[in-house]
Amino acid sequence: AGLTQPPSESKGLGQTATLTCTGNSDNVGQSGAAWLQQHQGHPPRVLSYRLRDNDRPPGISERFSASRSGNTASLTISGVQPEDEADYYCSTWDITLNTWLFGGGTKLTVL
Amino acid sequence: EVQLVESGGGLAQPGGSLRLTCAASGFTFNKIGMMWVRQTPGKGLEWLSHISAGGSPTFYAASLGGRFTISRDNIKNLLLLQMNNLRVEDTAVYYCAGGGSPDFWGQGTLVTVSS
């Protein structure tokens, strides 16, 4: 059991990127997932909270929006900018394993 | 402003021990669950352990084999990670993080295990 993310995604400047995170009914399906962004050499920062879909973390652009359908969480980045080039991770708690899960991360390249 | 500042990283020999400390400020520490996460250079995030706001329950990644112990001091606003019987593969940047996402992260401290 774990969270599955595509390892890479490439988008042109100004395009829309949709990153996915697939889990199961014990994790994503149970409590959704948070999304984290990590630039090279920096710690992760939260883009969207788990369990607080209507709350946007301070300083996070409205270009980032999170959603969930069943056991899959998605992060949509509208109008991709050069500064969006980073690694993106999903994270959530698994109620059966009693462990915190991180996806393997998706590296977003802006063309 | 929320701040998490890790310390205690450095060079350790295989089989040795280190204790990491995370000093928290800017939020009500004794109300927030906390965790330790590590990251090997060039790799993804690996969750290690979580501790509830009041100090229990605690949870650990099975891969640690009981070598690490998480604790907290809600008077001094500190999160701790005692790491024993260190292995070369424990070399990583160690982050403390807090909240339900987790919502906020420290800058990390580098642990290098090498002879």
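Since the model is a prediction, treat every value here as computed from it, not as a measurement. (Residues numbered from 1 in each chain as written. Chains lettered and ligands numbered in written order. Predicted model: local features only at pLDDT ≥ 70, side-chain atom pairs only at ≥ 80, totals over all residues. Heavy atoms only, no water.)

Q: Is there a simple way to explain the interface of chain A and chain B in this structure?
A: Many analyses report the size of an interface as the accessible area lost when the parts associate. Taken residue by residue, the interface counts 18 residues in chain A and 18 residues in chain B. Of the roughly 1,400 Å² buried where chain A meets chain B, counting both sides, 64% is carbon and sulfur surface. Its largest share of buried area at the contact with chain B, chain A owes to Pro43(A), Trp100(A) and Phe102(A), together 38% of the area lost on that side. Put simply, chain A and chain B have 6 residue pairs in polar contact (both at pLDDT 80 or more) between them. If you list the elements that add at least two residues to the side of chain A that touches chain B, you get strand E3 (34-38), strand E4 (45-48), strand E7 (86-94) and strand E8 (99-102) of chain A. Residues that form the side of chain A that touches chain B fall into these classes: 10 nonpolar, 6 polar and 2 charged. (Contact = heavy atoms within 4.5 Å. Buried area = accessible area lost by both parts, 1.4 Å probe. Polar contact = N/O pair within 3.5 Å; in protein donor to acceptor, adjacent residues only side chain to side chain. Helix = DSSP H or I, 4+ residues; strand = E, 2+ residues; numbered from the N terminus. Nonpolar A, V, L, I, M, F, W, Y, C, P; charged D, E, K, R; others polar.)

Q: How should the side chain of Ser91(A) be read in this particular structure?
A: Locating Ser91(A) in the fold gives a position in strand E7. What makes Ser91(A) buried here is its relative accessible area of 0%. Polar contacts involving the side chain of Ser91(A) include one to the main-chain carbonyl oxygen of Ser101(B), which spans 2.5 Å. For Ser91(A), the contacting residues outside a window of four places in its chain are Leu3(A), Ala33(A), Ala34(A), Leu36(A), Arg50(A), Trp100(A), Leu101(A), Phe102(A), Ser101(B) and Pro102(B). (Buried < 20%, exposed > 50% of the residue type's maximum accessible area, 1.4 Å probe, protein only.)

Q: Could you clarify how one ought to interpret the pattern of salt bridges in this entry?
A: Residue and element names in this part refer to chain B. For the structure shown, the criterion picks out 5 salt bridges over all chains. Between Arg38 and Asp90 there is a salt bridge, and its shortest N-O distance comes to 2.8 Å. Highlighted residues: Arg38 in strand E4 (residues 34-39) and Asp90 in the loop between strand E8 (78-83) and strand E9 (92-98), separated in sequence by 52 residues. Grouping residues by exposure puts Arg38 and Asp90 together as buried. Taken together, the salt bridges that share partners define one network made up of Arg38, Glu46, Arg67 and Asp90. (Salt bridge = Lys/Arg side-chain N within 4 Å of Asp/Glu carboxyl O.)

Q: Explain the state of the cysteines here, please?
A: Should the sulfur atoms of two cysteines be covalently bonded, the bond is a disulfide. Residue and element names in this part refer to chain A. What the rule picks out here adds up to 2 disulfides over all chains. Across the disulfide, Cys21 is cross-linked to Cys90 (sulfur-sulfur distance 2.1 Å). Its torsion about the S-S bond being 75°, the disulfide of Cys21 and Cys90 is classed as right-handed. Of this pair, Cys21 sits in strand E2 (residues 17-22) while Cys90 sits in strand E7, and the two are 69 residues apart along the sequence. Like Cys21, the residue Cys90 is buried in the burial classification. (Disulfide = S-S within 2.5 Å.)

Q: I'm lost on the sheet that holds strand E7 (residues 68-73) of chain B in this one. Help?
A: To summarise the sheet geometry, strands pair through backbone hydrogen bonds and adopt either a parallel or an antiparallel arrangement. Residues and elements named next belong to chain B. Read across the open sheet, the 4 strands follow the order E1-E3-E8-E7; overall the sheet is antiparallel. With one partner strand each, in any of the chains shown, strand E1 (3-7) and E7 form the two edges of the open sheet. On average, each strand axis in the sheet is tilted by 15° relative to the strand beside it, whichever way the strands run. Where E7 lies against E8, 6 bridges are found, and the strand directions are antiparallel. Across the sheet, the residue bridging to Ser71 is Leu80, located in E8. (Pairing = 2+ DSSP bridges. Axes fitted to C-alpha atoms, helices over the stretch in contact; angles between N-to-C directions.)

Q: Where do I start with the sheet that holds E2(A) in this structure?
A: Residue and element names in this part refer to chain A. With antiparallel pairing, 3 strands are arranged side by side in an open sheet as E2-E6-E5. If you trace the sheet from one side to the other, it starts and ends with E2 and strand E5 (64-69), each paired once. Within the sheet, the average angular offset between the axes of one strand and its neighbour, ignoring direction, is 20°. Two strands pair when backbone bridges link them, and E2 and strand E6 (residues 72-77) are joined in this way by 6 bridges, in the antiparallel orientation. Paired with Cys21 across the strands is Ala73, a residue of E6.

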